[in-house]
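# Chains, contacts and geometry: an overview
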Amino acid sequence: MIKNDLERLNEWWFTGKIRKELSPPFKRHVFQRILKSLEERQILLITGLRRIGKTTILYQTIEKLLEKVKPENILYFSFDEAIYNVKEVLEVYEKYFLRKTFEEAGRIYIFFDEIQYAGDWSSIVKSFYDLYPNLKFYISGSSTILLSKEALEKLAGRFFSLEMKPLTFIEYLEMRKIGFKKIKHSPRRLEIYFQDYLRKAGFPEIVDWENEERIREYIRNTVIDRIILRDLPVYFKTRDMLLLENIVKIILSNPGAIININTLSRNLGKSKITVSNYIKFLESSLLIRSLSNYRPSIQASSRKLRKYYPTTTSLIYAYSKEIFEKQYGKIIETYTVNTLNAKYYYRKGRKEIDIILKNKEIIPIEVKEKVQEKDIKKLRKIIKQINANKGIIISSNQKTKIENIEIIPVYLLEKATITNSK
């Protein structure tokens, strides 16, 4: 059986090429980083949400390698397709297809997709990495479980990590063959394309789709349901599917809400530990993300009362078209949080700011669908309170600068020179 799977998944051993359906011409921006890694000794661990293009980028890398590498020296295997032991896959490949020992075969490129399904994968990969310096591993997965403490300890010094983000607005425009440069001076066109992007945000396969129900069904079935019904039960042995669904619904129906675990556990009728663990599992799956409350007085953040967001706006659209259309301010807030890779918000008493970027300087960022004078006054007070030098307001379509406060249209955010938080 494993031989049949290897033959099916590695058709270039027989054809010398990859079908165009598997390796489309458009390349995600991170493709250049992957190409640079071809000559590196270290393993490249690639994580990212389901359906954002991890498998495609592996095939595109293989297609590039086929220009100069013998087809049989490139191995691809998806553990999402069939669950085998990593060692068994490598041994069958060496014996029946490579027909040489790894020591004698020269440079070998090995691509393991969705490897989190394989048991004890990090120990086996470590062993082969140490024994055979000519093996170059690319390993992908739809969960940060790839970067678990156990894996990091076993592979210490042997890997680089790359988190693939959902498809960006700039990439969306490139896929639509529009390009940002063509419309950067047309705010009306930018806003129209941006609103279409928000419905499909993150997923290359549906960029050209128009049928709304088909878009929503795709995201629900291949991303949300797949994570809840298959991934998390396999990774973490979760059994309460209804609890997972309820937590996801709460976050998708009210993105940016501050969640009190004690209150939530009482409302759901579950223990605090169970609810807390299930939220952590969902974060590990890259379906949701959280922000901590920034504490400027002690240069720290509070772990209590975290804010939760989906990792891309189209997840909200898939859950509820009504919420997506009526809460546009929350939609662009979700987009801003993810685009800036935000880690903090600020709340003290009645004063709250959506995002605090913390790097070389502290930058408070507020997201408002329509900016009013009161929003500017509020941000000025926060700037003074947390000893910042400037602030930013992300708006639906307004653009201006008033002293130390800059107002940026949300559709220009990816082109704005804002330092991401760490």
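You'll find the structure just up there.
Bear in mind the structure is a predicted one, so any value in this text is a computation, not a measurement.

## Observations regarding the overall build of the protein chain
- For the protein chain, the helix and strand inventory stands at 18 helices and 14 strands.
- Taken over C-alpha atoms, the radius of gyration comes to 23 Å for the protein chain, in line with the 22 Å a tight globule of 422 residues would show.
- In terms of its C-alpha atoms, the protein chain occupies a principal-axis envelope of roughly 70 × 55 × 45 Å.
- By residue count, 53% of the 422 residues in the protein chain fall in the buried class.
- Sequence-distant contacts, at least 24 apart, represent 70% of the contacts inside the protein chain between residues at least 6 apart.
- For the protein chain, the exposed surface amounts to about 19,900 Å²; the carbon and sulfur share of it is 48%.
- The averaged location of the 51 negative side-chain charges in the protein chain is 7 Å from the averaged location of its 77 positive side-chain charges.

## Some thoughts on the packing of aromatic side chains
- For the coordinates displayed, the defined rule picks out 27 aromatic pairs.
- Taking the centre distance of 5.8 Å and the plane angle of 55 degrees together, the rings of Phe77 and Tyr84 count as tilted. In this pair, the class of Phe77 matches that of Tyr84, namely buried.
- Linked through ring pairs, Trp13, Tyr93, Phe97, Phe102, Phe128 and Tyr132 together constitute an aromatic cluster.
- Between Lys136 and the ring centre of Tyr138, over which it is positioned, the NZ or CZ distance is 5.2 Å.
- It is Arg230 that lies over the ring of Tyr117; its NZ or CZ is 4.4 Å from the centre.

## Things to note about the pattern of salt bridges
- Within the structure shown, the criterion is met by 36 salt bridges.
- Here the salt bridges share partners, and the residues they tie into one network are Arg176, Asp196, Arg199, Lys200, Asp208, Glu212 and Lys321.

## Some remarks on the pairing of strand S3 (residues 108-113)
- The element S3 is largely enclosed, with a buried count of 6 among its 6 residues.
- Of the two faces of S3, both are covered, the one formed by Ile108, Ile110 and Phe112 as well as the one formed by Tyr109, Phe111 and Asp113.
- Taken together, the 5 bridges between strand S2 (residues 74-78) and S3 define a ladder with parallel strand orientation. When the sheet's bridge partners are listed, Phe77 is paired in S3 with Phe112.
- In this view, the connection linking S2 to its parallel neighbour S3 by way of helix H5 (residues 86-98) has right-handed handedness.
- Pairing geometry for S3 and strand S4 (residues 135-141), over 5 bridges, is parallel.

## Side note on the packing of helix H11 (residues 212-236) against helix H12 (residues 241-253)
- At their nearest, the axes of H11 and H12 sit 11 Å apart, and the two run at 140 degrees to each other. By the angle between their directions, the pair H11 and H12 is classed as oblique. By crossing handedness, the relation of H11 to H12 is classed as right-handed. Taking contact as the criterion, the partners of Ile224, Ile228, Leu229, Leu232 and Pro233 in H11 are, on H12, Met241, Leu244, Glu245, Val248 and Leu252.
- For the contact of H11 with H12, the residue count by class is 9 nonpolar, no polar and 1 charged.

Conventions adopted
Residues numbered from 1 in each chain as written. Predicted model: local features only at pLDDT ≥ 70, side-chain atom pairs only at ≥ 80, totals over all residues. Heavy atoms only, no water. Helix = DSSP H or I, 4+ residues; strand = E, 2+ residues; numbered from the N terminus. Rg over C-alpha atoms; globule rule 2.2 N^0.38 Å. Buried < 20%, exposed > 50% of the residue type's maximum accessible area, 1.4 Å probe, protein only. Contact = heavy atoms within 4.5 Å. Areas by Shrake-Rupley, 256 points an atom, 1.4 Å probe, with all protein chains shown as cover. Lys, Arg positive; Asp, Glu negative; His and termini not counted. Charge placed at Lys NZ, Arg CZ, Asp CG, Glu CD. Phe/Tyr/Trp six-rings, centres within 6.5 Å; stacked < 30°, edge-to-face > 60°. Lys NZ or Arg CZ within 6 Å of the ring centre and 35° of its normal. Salt bridge = Lys/Arg side-chain N within 4 Å of Asp/Glu carboxyl O. Pairing = 2+ DSSP bridges. Right-handed = clockwise from strand over helix to strand, strands pointing away. Axes fitted to C-alpha atoms, helices over the stretch in contact; angles between N-to-C directions. Parallel < 35°, antiparallel > 145°, perpendicular 65-115°, else oblique. Left-handed = near helix turned anticlockwise from the far one by under 90°. Nonpolar A, V, L, I, M, F, W, Y, C, P; charged D, E, K, R; others polar.

Coordinates in, geometry out; function isn't part of it.
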